[in-house]
Amino acid sequence: MQTRLSQLLPYLRELPALVRLRQWWRRQSPHRQDRYAMLAPLVAVLLFLAAIVAAFGYLRLEEMEREQEAVRRDVEYAQQRMRLRLLERQEELVRLAQEVSSQELDADQFRNRANVLLNQYPELQGLSWIDERRRLRVAHGNPSLAHSLVNSPVRSGVLPEKPSETENAFALARELRQPIYVQRSATPDGTALLELHLPLHSRTRFAGVLLAEYSLDTLYRYGVPSEVSARYAVSLRDSRGEVLAGSSAPKRNRAGQWLGWASHANEYEVPVSPVGNGLVLHAQAYRASLGVVGSGLFWLVGTLSVMTAWMLIANWRHTRRRMQAQQALVLETNFRRAMENSMPTGMRALDLQGHITYVNAAFCQMTGWSERELVGCTAPFPYWPEEDRDMLMGRLEDELTGRVTPGGFQVRVKRKDGTLFDARIYVSPLIDARGLQTGWMTSMTDITEPNRVREQLYASYERFTTVLEALDASVSVAPLGADELLFANKLYRLWFHEQSNGHVRLSTQAGLPARVSTEDSQDSVDGLVGMPTSALPDADAENAEVYVEELGKWLEVRTRYLTWVDGRLAQMVIATDITPRRLAEAQSAAQAERAQTASRLITMGEMASSVAHELNQPLTAINNYCNGMVSRIKAQQISEEDLLGALEKTAKQAQRAGQIIQRIRAFVKRSEPNRTLSEVAVMVNEAVELAEIELRRYNVRLSYFMADLPPVLVDPILIEQVLVNLLKNAAESIVHAQRPPPHRRVELHVLPATVEGKPVVEFTVTDTGRGIAPEVMARLYEAFHTTKAEGMGIGLSLCRSIVESHQGRMKAENLYNGSEVTGCRFTFWLPVDGPAAASAPPQLQAEKPQVRA
Ligand code: ADP
């Protein structure tokens with residue numbers, strides 16, 4: 001059978017319709033094909049269900065027809081029986097009527113005959129003999145008429161005038177001279193009756209009727225065969241369908257109707273023939289024609305079909321879900337494939353035997369070999385450089401035996417064109433979905449560029465460290481609030497070794513501690529200067545000079561905050577050895593001091609003759625007083641009182657001489673630089689008194705004006721030295737100019753002033769000399785530059801350095817009268833609030849207060 005089918009199949013495939021169907025099918029998109037493939041079984045099931053329903057309906061119709069046929073047959077049989085019965089009775093009655101017509105019977109005989117008939121036929125309820133004038137001659141049995149006659153005109157022997165069915169029938173019987181059946185409306189007691197009017201004749205004349213009354217109930221009971229009434233609800237009905245006798249089937253509910261498909265299908269009615277349409281025999285099958293087995297089968301088939309359809313739909317939905325999952329899987333696979341292909345990392349899979357099972361696009365691109373060339377290869381692989389083969393073989397064996405280097409390893413890889421590149425290889429086991437190892441996965445990254453970058457970085461690091469190491473300053477970086485040292489150069493290591501305490505000490509001594517209390521370091525505001533730590537790196541570098549005892553060195557310390565490479569806030573300390581500079585500074589300071597003292601001594605030396613002359617006065621006076629007193633004591637001309645006065649005067653002169661010597665001693669005494677808050681007036685008076693000795697000798701008048709001034713923080717001896725120098729130079733200039741006595745005048749003004757918004761004390765010495773020649777002006781403050789034969793030329797140079805060491809400034813200018821130089825003015829000022837560190841010029845930093853370790 002199967003072989004025959006298989007033989008047939010090629011022919012079937014050639015059928016044009018099938019060919020067209022196949023072509024149509026191929027034209028459809030896969031999605032559509034899936035959809036049709038899915039719908040086809042559903043349609044098949046529905047078609048099957050429809051076929052079953054159609055077959056079932058067809059059978060049902062056939063069965064109904066059969067049933068209908070049976071009903072009709074049975075009803076007609078019953079009708080026949082009833083008809084025969086009625087005809088039979090009719091014949092008997094016709095015979096009786098003929099006897100009555102031929103006047104063979106009198107009333108009694110009639111009654112007898114009627115009695116016999118009534119007994120014989122139970123459905124015959126009554127017999128009445130009515131004459132042509134509708135008078136009741138005889139009534140026998142239990143005629144309803146007899147009952148109605150009691151209250152009706154019939155009682156008087158006349159039928160009621162009012163036309164009724166009976167009357168109509170009577171009239172009809174008289175007219176037609178034929179037996180007339182009439183089905184009379186139910187009597188008041190509810191029994192339905194059938195009347196038979198048999199016309200009576202007296203010769204040819206109408207002579208009344210014989211009225212027979214049948215009880216329809218009894219007629220039904222005896223007329224309908226029991227096997228029929230057992231199978232159907234049989235009833236006698238009138239023309240309007242009212243049930244007169246018998247039973248009617250109960251009305252079916254909707255379900256019953258539906259099950260029976262058509263309620264009217266199994267009922268049938270037929271008029272009872274001798275009576276006509278007035279009496280109908282009606283039958284209806286009791287049993288729902290759909291049998292239990294039939295309906296059961298129907299429901300079984302229906303349920304199975306519904307279940308099949310439901311299963312198909314469920315299956316369809318399941319398949320759809322599967323399709324969606326499959327689609328997602330395809331997408332995922334595509335995505336992964338795209339990812340693998342777009343990845344710059346080369347991927348290679350090895351099976352457990354060491355065959356290449358997979359390489360991605362990047363791997364092929366890196367090595368230059370195609371996937372086809374590589375897949376299936378075993379060691380030695382074509383991309384292994386010949387010289388590294390042994391090493392790579394060892395590596396591969398390690399790989400295959402599971403000795404994996406977690407951080408990967410670096411190898412050289414040969415491209416197809418023979419060039420080499422550095423690659424880093426990572427190996428990991430390839431585990432399948434069941435958790436079994438199926439091979440090894442290797443990823444390869446080209447690290448030629450990173451290697452180059454690393455080398456460059458290393459080189460730049462080398463350069464950087466070489467520079468830092470060779471620096472003659474110690475550089476160290478430490479995080480704020482931690483003991484570790486982030487960086488230290490060679491000099492730092494030499495001085496402080498690898499410990500951070502040197503860094504901390506330097507920054508602490510410089511007043512910029514790197515260590516902050518831990519609680520504070522948690523906050524955004526540090527404990528250093530109260531500024532946000534984030535702002536620290538932007539802060540300017542600070543520097544200070546500190547003495548480190550253990551090194552025996554002076555160091556200039558610069559600190560700077562910076563954000564370290566790991567984001568931490570760190571402090572960088574750069575310490576430069578400034579011991580030689582400090583020594584030089586100290587030496588030059590000592591020299592300057594010596595120079596100042598020497599200069600003062602020179603000044604005094606220059607003033608020696610003036611001083612001698614100055615001293616001569618009191619000494620001469622003392623001598624004169626003493627001589628006078630001696631001679632007067634010798635002549636005993638002196639009173640005790642005069643002697644006392646003379647002695648007091650002598651003592652005063654001696655005191656004066658002593659004062660002069662004292663002042664000169666104080667002026668030239670070598671002393672340590674000592675700044676104190678000094679009264680300007682005291683200083684000026686001292687200087688003026690000293691200078692006046694010289695000025696008086698030169699016959700130069702000194703006038704000075706001094707305002708009320710606050711004390712200034714200065715070394716008074718040095719300021720006095722400046723003033724004496726300037727006043728002496730002024731007097732010498734006047735002498736040199738050979739001015740006449742009225743013009744031999746020097747003025748000293750000491751006044752408050754402001755320079756750059758700061759209060760200062762301004763000293764001005766104005767002379768009436770020749771002024772300063774332009775060539776001298778350029779070299780005025782140069783040491784050992786003098787225009788005087790006996791001059792040393794260090795006075796002004798010292799004056800300027802003294803003034804500037806007090807943060808003051810000095811200047812000189814000529815005074816003119818028209819184009820003629822009439823004199824010269826030297827001005828210098830000193831700040832009132834003392835020298836401030838901030839405004840210190842760079843060369844004077846050594847003067848700053850320092851921290852001594
Ligand atoms: P010395 O007085 O020993 O020459 P100084 O340094 O005091 O040294 O002065 C340098 C020079 O400046 C003097 O030689 C002189 O030429 C000039 N000089 C100083 N003061 C005056 C002045 N008031 N008028 C004119 N020239 C002056």
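Quick note: structure is the one above.
What counts, and where the lines are drawn
Every chain is numbered on its own, with residues counted from 1 as its sequence reads. In view of the model being predicted, local features appear only for residues whose pLDDT reaches at least 70, and side-chain atom pairs are presented and counted only at 80 or more, with totals across whole chains, interfaces and linings using the full set of residues. Here the side-chain values reflect all heavy atoms present in the structure, with hydrogen atoms and water set aside. Here a helix means four or more residues in a row that DSSP labels H or I, a strand means two or more in a row labelled E, and each is numbered from the N terminus. Burial here depends on accessible area, computed with a 1.4 Å probe over protein chains only, as a share of the maximum for the residue type. Under 20% is buried, over 50% is exposed, and the range in between is partly exposed. The contact criterion used throughout is that any non-hydrogen atoms of two residues lie within 4.5 Å. All accessible-area figures derive from a Shrake-Rupley calculation using a 1.4 Å probe, and residue coverage is judged against the displayed protein chains alone. What makes a residue near a molecule or strand is one non-hydrogen atom of that residue sitting within 4 Å of it. Polar contact criterion, stated in full: a pair of N or O atoms within 3.5 Å, where within protein one must be able to donate a hydrogen and the other to accept it, and residues adjacent in sequence count only if both atoms are side-chain atoms. In this analysis a 1.4 Å probe is tested at points of a 1 Å grid over the protein atoms alone, and where it fits but cannot get out there is a cavity; an open set with protein on both sides within 12 Å along at least five of seven lines is a pocket; lining residues have an atom within 4 Å of a point. The way we define it, a molecule is inside a pocket or cavity when more than half of its atoms are within 2 Å of that pocket's grid points. One bridge is not enough; two strands pair if DSSP finds at least two bridges between them. Interaxial angles span 0 to 180 degrees and are taken between N-to-C directions of axes, which are lines fitted to C-alpha atoms, for helices over the stretch in contact. Grid points are joined across faces, edges and corners, and a volume is the space filled by probe spheres set on the points. Gly counts as polar in this scheme, as do all residues outside two lists: the nonpolar Ala, Val, Leu, Ile, Met, Phe, Trp, Tyr, Cys and Pro, and the charged Asp, Glu, Lys and Arg. Residue count minus one, scaled by 1.5 Å, sets the expected span of a helix. Note that the arc is defined by the directions from the helix axis to the C-beta atoms. The salt bridge definition used is simple: a Lys or Arg side-chain nitrogen within 4 Å of an Asp or Glu carboxyl oxygen. Stacked, tilted and edge-to-face pairs are distinguished by plane angle, under 30 degrees for stacked and over 60 for edge-to-face with tilted covering the rest, among Phe, Tyr and Trp rings (Trp via its six-membered ring) whose centres lie within 6.5 Å. Our definition puts a charge over a ring when NZ of Lys or CZ of Arg is within 6 Å of the ring centre and also within 35 degrees of the ring normal.

## Structural notes on the overall build of the chain
1) Next: A tally of regular secondary structure across the chain gives 24 helices and 26 strands.
2) Next: Split into buried and exposed, the 853 residues of the chain put 39% on the buried side.
3) Next: For the chain, long-range pairs separated by at least 24 residues make up 59% of all intrachain contacts whose partners lie at least 6 apart in sequence.
4) Next: With an accessible surface of roughly 48,800 Å², the chain has 55% of that area assigned to carbon and sulfur atoms.

## Remarks on the site of the ligand
1) Next: Near the ligand lie 19 residues; those nearest to it are N729, D767, T786, T787 and K788.
2) Next: In this structure, G793 approaches the ligand through a main-chain N or O atom, which is 3.0 Å from an oxygen atom.
3) Next: Relative to its unbound accessible surface of 520 Å², the ligand loses 93% to contact with the protein.
4) Next: Spatially, the ligand is embedded in the second largest pocket.

## Quick look at the sheet that holds strand β12 (residues 409-414)
1) Next: In spatial order, the strands read β11-β10-β14-β13-β12; together these five strands make up an open sheet with antiparallel pairing. Each having just a single partner strand, β11 (356-359) and β12 make up the two edges of the open sheet. Within this sheet the neighbouring strands show an average axis-to-axis angle of 35 degrees, counted without direction.
2) Next: Bridge count for strand β13 (residues 420-431) against strand β14 (residues 437-446) is nine bridges, and the pairing is antiparallel. Bridge assignment links V427 to a residue of β14, and that residue is T442.

## Comments concerning the pairing of strand β15 (residues 473-479)
1) Next: With seven of seven residues buried, β15 lies mostly within the body of the structure.
2) Next: Of the two faces of β15, the one holding A473, V475, V477 and P479 and the one holding S474, S476 and A478 are both buried throughout.
3) Next: Strand direction decides the pairing type here: β15 and strand β19 (residues 569-577), joined by seven bridges, are antiparallel. The partner of S476 across the bridge, within β19, is V573.
4) Next: Pairing geometry for β15 and strand β16 (residues 487-488), over two bridges, is antiparallel. From the neighbouring strand, S476 faces β16, where its bridge partner is A488.

## Re the layout of surface pockets
To find the voids left in a structure, one rolls a probe of water-molecule size over its atoms.
1) Next: Each pocket or cavity is described by its volume, and for the second largest pocket that value is around 940 Å³.
2) Next: Lining the second largest pocket are 37 residues; nearest its centre among them are N729, E732, T786, T787 and K788.
3) Next: Those elements that place two or more of their residues in the lining of the second largest pocket are α18 (579-606), α21 (680-697), α22 (716-737), α24 (795-805) and β26 (820-831).
4) Next: Per-element tally for the lining of the second largest pocket: the top contributor is α22, with nine residues.
5) Next: Each residue belonging to the lining of the second largest pocket can be placed in one class, and the counts come to 15 nonpolar, 13 polar and nine charged.

## Focus on helix α13 (residues 389-400)
1) Next: Compared with an ideal rise of 1.5 Å per residue, which puts twelve residues at 16 Å, α13 spans 16 Å between its outermost C-alpha atoms and is within 8% of the ideal.
2) Next: Of the residues making up α13, those classed as buried are L392, L396 and E399. Buried residues along α13 cover an arc of 55 degrees about the axis, so they all sit on one side.

## Focus: the environment of Q365
1) Next: Relative to the helices and strands, Q365 resides in helix α11 (residues 361-367).
2) Next: Judged by relative accessible area, which is 69%, Q365 ranks as exposed.
3) Next: Spatially, the C-alpha atoms of Q365 and P344 are 9.3 Å apart, while their sequence positions differ by 21 residues.

## A short note on the side chain of H806
1) Next: Structurally, the position occupied by H806 is in the loop between α24 and β25 (809-817).
2) Next: Looking at H806, the relative accessible area reads 2%, which means it is buried.
3) Next: Only 3.4 Å separates the side chain of H806 from the side chain of S805, close enough to count as a polar contact.

## Digging into the pattern of salt bridges
1) Next: According to the stated counting rule, one finds 37 salt bridges in the structure shown.
2) Next: Here D238 makes a salt bridge to R240, at a shortest N to O gap of 3.5 Å.
3) Next: D238 sits in the buried class, given a relative accessible area of 7%.
4) Next: Through salt bridges with shared partners, a single network forms among R85, E88, R89 and E123.

## A short note on the packing of aromatic side chains
1) Next: In this structure the tally under the stated criterion is twelve aromatic pairs.
2) Next: Ring geometry for F170 and F206: centres 5.8 Å apart, planes at 75 degrees, overall edge-to-face. One end of the pair, F170, is in helix α6 (residues 165-176); the other, F206, is in strand β5 (residues 205-215), and 36 residues separate them in sequence.
3) Next: Given a relative accessible area of 0%, F170 falls into the buried group.
4) Next: Arranged with centres 4.6 Å apart and planes meeting at 5 degrees, the rings of F763 and F828 form a pair that is stacked. One end of the pair, F763, is in strand β24 (residues 758-767); the other, F828, is in strand β26, with 65 residues separating them in the sequence.
5) Next: Note on F763: relative accessible area 0%, which makes it buried.
6) Next: Given a relative accessible area of 0%, F828 falls into the buried group.
7) Next: Put simply, the rings of F363, F381, Y383 and W384 touch in pairs and so form one group of aromatic residues.
8) Next: Here the guanidinium or amino end of R395 rests over the ring plane of F409, the centre of that ring lying 4.1 Å away.

## Quick notes on α22
1) Next: Relative to the 32 Å expected for 22 residues at 1.5 Å per residue, α22 spans 31 Å between its end C-alpha atoms, a close match to the ideal helical length.
2) Next: The buried fraction of α22 is high, at 18 of 22 residues.
3) Next: The positive-phi residue at the C-terminal boundary of α22 is Q738, with phi of around 50 degrees.

## Describing the sheet that holds strand β8 (residues 267-271)
1) Next: Here four strands make up an open sheet; going across it, the order is β7-β6-β9-β8 and the pairing antiparallel. With partners counted over all chains shown, the strands left at the sheet margins are β7 (243-246) and β8, one partner each. Averaged over all adjacent pairs, the angle separating strand axes in this sheet is 25 degrees, with direction ignored.
2) Next: Of the pairings in the sheet, the one linking strand β6 (residues 232-237) to strand β9 (residues 280-285) comprises six bridges and is antiparallel in character. The residue of β9 that forms the bridge with Y232 is A285.
3) Next: Its contacts with the sheet put helix α3 (residues 30-101) on β6, β8 and β9, and the angle it makes with β8 is roughly 30 degrees.
4) Next: The sheet strands contacting helix α7 (residues 216-223) are β6 and β7, and the helix crosses β7 at an angle near 40 degrees.

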